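One-letter residues, chain by chain:
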Amino acid sequence: MADWNDKSIKLGDYKFFLILLSHMLITFVDGRGVDQFMKKRELPMHEGTVKIIESEDGDVIDCVDIRKQPAFNHPLLKNHTVQIKPHAQSRGIDEAENNPNMLFQSWHKNGECPEGTVPLLRRTHNFNHSRRSYPVFLHKKVAQLNDVNNPSNHEYAQVSAVDGNYYGARATINVWNPLTNFGELSIAQIWVLAGDGNELNSLEAGWTVNNGEKKTRLFIYWTSDGYQSTGCYNLDCPGFVQTNKNIALGGSIEPVSKYGGEQRDISIVIHKARSNSYSHSHFNNNDGNWWLQVQDQLVGYWPSSIFTHLAGTSDAISWGGEIVNNQPNGHHTSTQMGSGHFPNEAYGKASFFTKLGYFDEGNNVKDPENLEPFVTRPPCYDLRTGKDNKFGVFFYFGGPGYSANCQ
């Protein structure tokens, strides 16, 4: 028995040494501390995960079985069959430029998701997962749009096409990494809208920067009840059906534009697909799902069944920037919009949207006309529109926020 006790002691010492050694190795893996390493592991893994990819920028991607993604927890999608492609491609989709600045997300360096899976970003504490608020700019009939005393803490610089019958929208959006304060965000996006008030339906896609993070992230959002109880960012709740294994919604976009240097952009399309039974003589607007395309890749779709007004077509589209102003230190925020520079600095310095378009009933992409501009506070963030042969319908937007003229 004494011999066994001696061996147990020696074995215990050996185990202790191994634990200590592994702790030291973990502490210095990739130069990260053990606390950071463990915190990422504490984030909940998505159900149906078959592979995990850790990005160099700290994001964790779960490759989830396409049949077990969050969408199918929606009560209206319990028996839904995944549609891999639209039944009929909209005109203008194939014409979307094969941009040489292809969308790149840093997790691609460390692997790819297998066929039959989709990438889901593990929720982090940095990303603002809170429900979005009702956009002030939609209160066109009951509010003074440029009233600086409006109680909302959301501010905008954007253009809108209203009172139409739209089957989708597109734009090429310049990508930057604007400064943001903790608890605030800066967004450049497309809104596809129908309804009003508590019945507002909205589909949204673009890029965002949150909480002072040094990452610019691709995002989507949706609601079917005016931002009350339905909808969410990305795949944080059931709704959007992802079909693409290469693009992680909520994942970071690289690289971004440089002031006075190389410009980076992403093309985004949201369009209502036709059903197999489509003909120009008769088409049930409720037949088609709303598809998202980023660059030349279909990402997935919002099923029309989860909406009320957007089960049909859209009656308004908006393109532009948005920030949250929590008035830190008792004055206007220094959170930037766009590049953080005003539109008059133009290309290479001010952020822009180009090739604005909407889809008509015949599935053609048309230039929007008679756009309605809306800027909440021009001394803080502004907008300048234009049209030419190279960029089509375009606008510059943004600004620095707090300054001598923006209090």
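Residues numbered from 1 in each chain as written. Predicted model: local features only at pLDDT ≥ 70, side-chain atom pairs only at ≥ 80, totals over all residues. Heavy atoms only, no water.

For the protein chain, an unreviewed UniProt entry supplies the name NEP-interacting protein 1 and the organism Citrus sinensis.

**Quick notes on unusual backbone geometry**
Stated formally: What counts as a helix is a DSSP run of H or I of at least four residues, what counts as a strand is a run of E of at least two, and both are numbered from the N terminus. Classification of residues uses two cut-offs on accessible area relative to the type maximum, computed with a 1.4 Å probe and protein chains only: under 20% is buried, over 50% is exposed, and between them is partly exposed.
Pro 255 follows Glu 254 through a cis peptide bond whose omega is -15°. Positive phi outside glycine occurs at Asn 329, with the angle close to 60°. Mapped onto the fold, Asn 329 is located in the loop between strand S14 (314–324) and strand S15 (351–359). Not every positive phi belongs to a glycine, and Asn 370 is a case in point at roughly 55°. You can see Asn 370 is positioned in the loop between strand S16 (365–366) and strand S17 (372–375). Under the relative-accessibility criterion, Asn 370 is labelled exposed at 73%.

**Let's talk about the pattern of salt bridges**
Our working rule: When a carboxyl oxygen of Asp or Glu is within 4 Å of a side-chain nitrogen of Lys or Arg, the pair counts as a salt bridge.
For the coordinates displayed, the defined rule picks out twelve salt bridges. When the shortest N-O distance is used, the salt bridge between Glu 56 and Lys 109 registers 3.4 Å. In this pair, Glu 56 is assigned in the loop between strand S1 (49–54) and strand S2 (60–65) and Lys 109 in the loop between S2 and strand S3 (117–121), connecting sequence segments 53 residues apart. Residue Glu 56 is classed as exposed on the basis of its relative accessible area of 57%. A residue is classified by how much of its surface remains accessible, and Lys 109, at 47% relative accessible area, is partly exposed. In this structure, Arg 377 and Glu 155 form a salt bridge, with 3.5 Å as the shortest nitrogen-oxygen distance.

**Considering the sheet that holds S2**
The condition that has to hold: At least two DSSP bridges between two strands are required for those strands to pair. Where helices are involved, their axes are fitted lines through C-alpha atoms of the stretch in contact, as for all axes, and angles between N-to-C directions lie from 0 to 180°.
In spatial order, the strands read S1-S2-S3; together these three strands make up an open sheet with antiparallel pairing. The open sheet terminates on both sides in strands that have one partner only, identified here as S1 and S3. The sheet shows a mean angle of 25° between the axes of neighbouring strands, direction not considered. Direction of pairing for S2 relative to S3: antiparallel, over a ladder of five bridges. In the sheet register, Asp 65 faces S3, and the bridge partner there is Thr 117.

**Structural notes on the environment of Ala 157**
Going by this rule: Here a residue-residue contact requires only that any non-hydrogen atoms of the pair lie within 4.5 Å.
With respect to the helices and strands, the residue Ala 157 is situated in strand S4 (residues 154–166). Classification of Ala 157 by relative accessible area gives buried; the value is 0%. In this structure the C-alpha to C-alpha distance between Ala 157 and Met 337, which are 180 residues apart in sequence, comes to 8.7 Å. Non-local contacts of Ala 157, meaning those with residues more than four positions away in its chain, are made with Gly 320, Gly 321, Met 337, Phe 374, Val 375, Asp 382, Leu 383 and Phe 397.

**Some words on the side chain of Arg 377**
Threshold: Any N or O atom pair separated by 3.5 Å or less is treated as a polar contact, with the protein-specific requirement of one donor-capable and one acceptor-capable atom, and with residues adjacent in sequence counted only for side-chain atom pairs.
Checked against the element boundaries, Arg 377 lands in the loop between S17 and strand S18 (382–388). A distance of 3.5 Å separates the side chain of Arg 377 from the side chain of Glu 155, its partner in a polar contact.

**A word on the environment of Trp 290**
You can see Trp 290 is positioned in strand S12 (residues 290–294). Judged by its relative accessible area of 0%, Trp 290 falls in the buried class. C-alpha separation for the pair Trp 290 and Ile 270, spaced 20 residues apart in sequence, amounts to 6.5 Å. Of note is the side chain of Trp 290, whose polar atom sits 2.7 Å from the backbone oxygen of Leu 310.

**Topic: the pairing of strand S13 (residues 297–302)**
S13 sits mainly inside the fold: five of its six residues count as buried. Examined bridge by bridge, strand S10 (residues 241–242) and S13 share two bridges and lie antiparallel to one another. What sits directly across from Gln 242, in S13, is Gly 300. Of the strand pairs in this sheet, S12 and S13 are connected by five bridges, and their pairing is antiparallel. Bridge pairing in S13 links Gln 293 to Leu 298.

**Brief notes about the state of the cysteines**
The test is simple: The definition used for a disulfide is geometric: two cysteine sulfur atoms within 2.5 Å.
Enumeration over the complete set of coordinates arrives at three disulfides. At a sulfur-sulfur separation of 2.1 Å, the disulfide partner of Cys 232 is Cys 237. Here the disulfide of Cys 232 and Cys 237 is left-handed, its torsion about the S-S bond being about -85°. Per residue, the accessibility class of Cys 232 equals that of Cys 237, and both read buried. Each bonded cysteine of the protein chain gets a number by its place in the sequence, and the pairs then read 1-2, 3-4, 5-6.

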